[in-house]
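Here is how the chains run, residue by residue.
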Amino acid sequence: MGERKTKVAFLISSSVFSGGDRHLVEIIRRLDFSKVEPVVLCFGADPLSRVLNGQLHLGVRVKTGRSRKSFFRNWLALRNERADIVVLVNGGVGTFPWYAFLAARLSGATRVLAIYHNFSTVPELPSRNRNLFSYIARRMFGWRVRVLLSARAIVALTDRSICVSNNLREQLVTFFGYPQERTVTVLNGVDLGFFGMPDSLTDGVRRELGIGPQDVVVVSACRLVVLKGVDVLLQAVNLLREEVPNLKCVIVGEGPSEEELRKASVEMGLSSKVFFVGFKDDTRPYLQMGDIFVNSSSASYVECLPFSVLEAMASGLPCIGSNAGGVPELISDKVDGLLVTPGSVDDMCRAIKRLSCNHSERKRMGELAREKVHRHFDLDQCMDRLKTVLLQ
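*Asks:* Just checking my understanding: could you explain the confidence of the model for the chain for this structure?
*Replies:* It should be kept in mind that the predicted coordinates are not to be read in detail where pLDDT is low. In this model, the chain carries a mean pLDDT of 89, and residues with pLDDT of at least 70 account for 89%. Residue range residues 122-128 is modelled with pLDDT below 50. Its contacts to residues more than four positions away, or to other chains, number 14 contacts.

Shown next as structure tokens:
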């Protein structure tokens, strides 16, 4: 008989294919299937089968129909899998409740790990009001306290917590008391061989959208939800219509805010300047036809190391990003991009105008951005480090 494979169960909770799911795909596709057997348990929709098995033909078992709210169902599903390692893939702190970690620990797994992609700020304790009893109760049992107590339980049940940025690791250690020795950073990476194509292949995209060769194109690629701050980008483009008349904006993505954003664009009279192209499996043509990339996430949504910015930098674009979370780990302000105050339309206007009106600075920043990604964010190297942490 051959050597027994190490079985790794990945738990996810995603309604749509997100950056965290893409990260997981890159992990799984690099596993040695002769030694490791991966299985994915979806708590909610199944965003992975289409990619893992439809596009990559990996033959990975993906099981759906799980509930995050049931300890018994979590435990039973994991017990039936008899996984050696359980990895909970967290979109943010609180994606899985503490008893999901308990179920993993009691399932017979030898190791329980967590991967964290985002961080939500913890609200302040309530201020004192006229109702003294309510004030005391909220301090003792309020949401913030419950979150912190839950985090303590998760820490006790987890062998290792993996963060995709140094900022995220610092927040988990500082806000939630995660132990430094068991909380590690393994940076996100980008496939350097996948991004970058001859400019001639992108001319068709510009022609299709009616964008001329002299136009300056701002590209944004994200899920269209309120927290991504795309409305700030639209307002900035609107305010710059006279100062930068050749400015165009291409928005790649879809989501619940799409209809509202499209309506706002029309009401501002931006139909000839802003183009919504929907979700794209391959964003390369849009990145390569662009001149500037914008990440406009709001202050209440702390992105740790967004793939969209990594991919834009790998494509040689100077990036404008929100000065929050892990974005400053990617963008060095005024060196290979510009950082702006989250939610500030004025800051966004100044940044877009500066890069739109200065071709040489755009080119210099874009080249430095590409060089940085090649030095520090090579996907293969990042995945090798992550596999070592997961399987050691």
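*Asks:* Can you walk me through the side chain of S70 in this structure?
*Replies:* Within the secondary structure layout, S70 lies in the loop between β3 (61-63) and α3 (71-81). Of the polar contacts made by the side chain of S70, one reaches the backbone nitrogen of R73; its length is 3.1 Å.

*Asks:* I keep staring at unusual backbone geometry and nothing clicks. Help me out?
*Replies:* Among all residues save glycine, negative phi is the norm, and among peptide bonds the norm is trans. Phi at R82 is positive, roughly 50°, even though this residue is not glycine. Inspection of the secondary structure assignment puts R82 in the loop between α3 and β4 (85-90). With a relative accessible area of 56%, R82 lands in the exposed category. Unusually for a residue other than glycine, K334 sits at a positive phi of about 65°. Along the chain, K334 falls in the loop between α13 (327-330) and β15 (337-340). In this structure K334 comes out as partly exposed when scored by relative accessible area, which is 47%.

*Asks:* What's the story with the pattern of salt bridges in this structure? I'm lost.
*Replies:* A side chain of one charge can pair with a side chain of the opposite charge if their charged atoms are brought near each other. By the definition in use, this model includes 21 salt bridges. Residues K63 and E81 are paired through a salt bridge, measuring 3.0 Å at the closest nitrogen-oxygen approach. Here K63, found in strand β3, pairs with E81, found in helix α3; they are 18 residues apart in sequence, far enough to count as distant. R364 serves as the salt-bridge partner of E361, at 3.6 Å between the closest nitrogen and oxygen. Residue E361 and its partner R364 are located together in helix α15 (residues 359-376), separated by three residues, close to a single helical turn. Beyond isolated ion pairs, a larger network of salt bridges with shared partners links K7, E37, R61, K63 and E81.

*Asks:* Please clarify how the pairing of strand β11 (residues 274-278) should be interpreted in this entry.
*Replies:* Strand residues, when the strand is regular, have side chains that alternate between the two faces of the sheet. The buried fraction of β11 amounts to five of the five residues, a majority that puts the element mostly inside the structure. Where burial is concerned, the two faces of β11 agree: the one with V274, F276 and G278 and the one with F275 and V277 are both buried. Note: strand β10 (residues 247-252) against β11, four bridges, orientation parallel. If you follow V252 over to β11, its bridge partner there is G278. Taking the sense of rotation as the criterion, the β-α-β connection linking β10, helix α10 (residues 258-267) and β11 turns out right-handed.

*Asks:* Could you clarify how one ought to interpret the packing of helix α1 (residues 19-29) against helix α16 (residues 379-391) in this entry?
*Replies:* If you want to describe how two helices pack, look at the angle between their axes and the distance between the axes. Between α1 and α16, the least distance of the axes is 10 Å, while the angle of their chain directions is 75°. The angle between the axes of α1 and α16 places the two elements in the roughly perpendicular class. Contact residues: α1 offers H23, E26 and I27, while α16 offers L379, M383, L386 and L390. For the contact of α1 with α16, a count of residues per class yields five nonpolar, one polar and one charged.

*Asks:* For this particular structure, what's the right way to read the nonpolar core?
*Replies:* The tendency in soluble globular proteins is for nonpolar side chains to be buried as a group. By size, the foremost hydrophobic cluster in this structure holds 64 residues, and its most contacted members are L11, L88, F101, Y178, V250 and F293. With six residues, helix α6 (residues 143-157) is the largest single contributor of residues to this core. Core analysis: the second largest hydrophobic core is formed by 31 residues, I251, I292, V294 and V345 among them.

*Asks:* What am I meant to see in the sheet that holds β10 here?
*Replies:* Picture the strands of a sheet paired through backbone hydrogen bonds; they go either parallel or antiparallel. Pairing in this open sheet of six strands is parallel, and the strands run β11-β10-β9-β12-β14-β15 from one edge to the other. Edge positions in the open sheet fall to β11 and β15, since each of these has one partner strand only. Neighbour-to-neighbour, the strand axes of this sheet turn through a mean angle of 20°, independent of strand direction. Examined bridge by bridge, strand β9 (residues 216-221) and strand β12 (residues 292-295) share two bridges and lie parallel to one another. What sits directly across from V218, in β12, is I292.

*Asks:* Would you take a moment to explain the environment of S344 for this structure?
*Replies:* Turning to its location among the elements, S344 is positioned in the loop between β15 and α14 (345-356). S344 gets classed as buried once you look at its relative accessible area, which sits at 18%. Sequence separation of S344 and G229 is 115 residues, and the distance between their C-alpha atoms is 9.8 Å.

*Asks:* Before we go on, may I ask you to explain the sheet that holds strand β8 (residues 183-185) in this structure?
*Replies:* If you walk across this open sheet you meet the seven strands as β3-β2-β1-β4-β5-β7-β8, and the pairing is parallel. Looking at the sheet topology across the chains shown, the edges are occupied by β3 and β8. Taking the axes of each pair of neighbouring strands and ignoring which way they run, one obtains an average angle of 20° across the sheet.

*Asks:* Where do I start with the packing of aromatic side chains in this structure?
*Replies:* The full count for this structure, using the stated rule, is five aromatic pairs. Seen in terms of ring centroids, W98 and Y99 are 5.8 Å apart; in terms of plane orientation they differ by 80°. Their pairing is edge-to-face. Classification of Y99 by relative accessible area gives partly exposed; the value is 24%. Judged by centre distance (5.3 Å) and plane angle (80°), the rings of F194 and F195 are edge-to-face. Sitting over the ring of F194, R284 keeps its end group 3.7 Å from the ring centre.

Parameters at a glance
Residues numbered from 1 in each chain as written. Predicted model: local features only at pLDDT ≥ 70, side-chain atom pairs only at ≥ 80, totals over all residues. Heavy atoms only, no water. pLDDT = per-residue confidence, 0-100. Contact = heavy atoms within 4.5 Å. Helix = DSSP H or I, 4+ residues; strand = E, 2+ residues; numbered from the N terminus. Polar contact = N/O pair within 3.5 Å; in protein donor to acceptor, adjacent residues only side chain to side chain. Buried < 20%, exposed > 50% of the residue type's maximum accessible area, 1.4 Å probe, protein only. Salt bridge = Lys/Arg side-chain N within 4 Å of Asp/Glu carboxyl O. Pairing = 2+ DSSP bridges. Right-handed = clockwise from strand over helix to strand, strands pointing away. Axes fitted to C-alpha atoms, helices over the stretch in contact; angles between N-to-C directions. Parallel < 35°, antiparallel > 145°, perpendicular 65-115°, else oblique. Nonpolar A, V, L, I, M, F, W, Y, C, P; charged D, E, K, R; others polar. Core = buried A, V, L, I, M, F, W, Y, C linked by side-chain atoms within 4.5 Å. Phe/Tyr/Trp six-rings, centres within 6.5 Å; stacked < 30°, edge-to-face > 60°. Lys NZ or Arg CZ within 6 Å of the ring centre and 35° of its normal.

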